[in-house]
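Results of the structural survey
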Amino acid sequence: MGNNYYHQYLNAVIEIAKDAGEAIMKVYETDFDVKNKSDNSPLTQADLAAHDLIVNALNQLTPEIPVLSEESDDIDASVRNAWQLYWLIDPLDGTREFVKRNGEFTVNIALIDKHSPIMGVVYAPATDLLYFASAGHGAFKQIKNHAASPIHTRAFNIEKLIVAGSRSHSDHQVQRFLNNIHVATGAVPELISMGSSLKICLVAQGSADVYPRLGPTSEWDTAAAHCVLKEAGGDIVNEAGHTLRYNTKQSLLNPSFFATVQKSFNWSEFL
């Protein structure tokens, strides 16, 4: 995999994600009213501004590679499923986080090759936090203007388990998962909360062992962080323990999954 031709585009994609983040922050910093659920809500403005910027920039960078995003999901599955290589983007992941103004929202850009992410950029503009990876080249984290540093998943120890959970979706299923682990191991797992795809990045950087996602997500929510996690030594697996794959079916929804350092572990027995 070290021979990743597309690695040459990584720095350009990072710049695109940062530019999109800047466009989002212009809206985020205005005094917007969250109750406005209309099509012209600040959320929608930020989302569309970032979307247009990313799509235009990617079309310039790689005119021959199609782009799939939340805004363009009306492309017929028969057309889309035939793509071997395509960009998969979420211009604003963590809409609840944006609305709550807690800063935990991201710009996600991934390059998918044969149903697998081979490049991923996750950028949180509110904190100027960047995660990026490309297949065969490792995973990195960069905070503001500091040098990027390599990240890796942590050593797995079931007795010192840290579980990443959603700020917006903390539900009884996750509580039951934690409780079942406690019953089975006697250990009390620690829960850390975070918004958007940053939860997957917490696993990638060694801050958590597993992020169980037991509700619906879309493929653009996970693809970029999935590449980061894979390059950091982990993976995202479904309940049967198989790696999540992209653009294989009519729907763009992911199954329930575990983003984890230990993909051979049978997480679903604790559901």
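Starting from 1, residues in each chain are numbered consecutively following that chain's sequence as written. Per-residue local features are limited, in this predicted model, to residues with pLDDT of at least 70; the limit for side-chain atom pairs, both in listing and counting, is 80 or more; totals at the level of whole chains, interfaces and linings are taken over all residues. Note that the side-chain values use all heavy atoms of the structure and ignore hydrogens as well as water.

Now for the environment of V107. Strands are runs of DSSP state E lasting at least 2 residues, helices are runs of H or I lasting at least 4, and numbering of each runs from the N terminus. Structurally, V107 can be placed in strand 3 (residues 106-113). Given a relative accessible area of 0%, V107 falls into the buried group. Between the C-alpha atom of V107 and that of S149, which follows or precedes it by 42 residues, the distance is 20 Å. When neighbours within four sequence positions are excluded, V107 is seen to be in contact with A17, A20, G21, I24, I54, D90, P91, V121, V122 and Y123. Only protein chains enter the accessibility calculation, which uses a 1.4 Å probe; a residue whose area is less than 20% of its type maximum is buried, one above 50% is exposed, and one in between is partly exposed. Contacts are assigned to residue pairs with any non-hydrogen atoms lying within 4.5 Å of each other.

Between its first and last C-alpha, helix 7 (residues 219-231) extends 18 Å over 13 residues, near the 18 Å set by a 1.5 Å rise per residue. Here helix 7 lies mainly inside the structure; 11 of its 13 residues are buried. Every buried residue of helix 7 is listed here: E219, W220, D221, T222, A223, A224, A225, H226, C227, V228 and L229. An expected span of 1.5 Å times one less than the residue number is assigned to each helix.

Now for the environment of E231. Relative to the helices and strands, E231 is located in helix 7. Under the relative-accessibility criterion, E231 is labelled partly exposed at 22%. For E231, the contacting residues outside a window of four places in its chain are A133, S134, A135, G136, H137, G138 and A139. By the criterion applied in these results, polar contacts are pairs of N or O atoms within 3.5 Å in which, for protein atoms, one can donate a hydrogen and the other can accept it, and in which residues neighboring in sequence qualify only through two side-chain atoms. Engagement of the side chain of E231 in a polar contact is seen with the backbone nitrogen of G136, the distance being 3.0 Å.

With that out of the way, let us pick up the sheet that holds strand 2 (residues 85-93). Within the open sheet, the seven strands sit side by side as 1-2-3-4-5-6-7. Their pairing is mixed. Each having just a single partner strand, strand 1 (67-69) and strand 7 (149-150) make up the two edges of the open sheet. Axis lines are fitted through C-alpha atoms, for helices just across the contact stretch, and the angle between N-to-C directions can take any value from 0 to 180 degrees. Helix 1 (residues 10-28) contacts strand 2, strand 3, strand 4 (116-124) and strand 5 (129-134) of the sheet and is inclined by roughly 40° relative to strand 4. In the packing of helix 7 onto the sheet, contacts are made with strand 1, strand 2, strand 3, strand 4, strand 5 and strand 6 (139-143), and the angle to strand 4 comes to roughly 100°. DSSP-based pairing: two strands are paired if at least 2 bridges between them are found.

Purely geometric stuff here, so don't read any function into it on its own.
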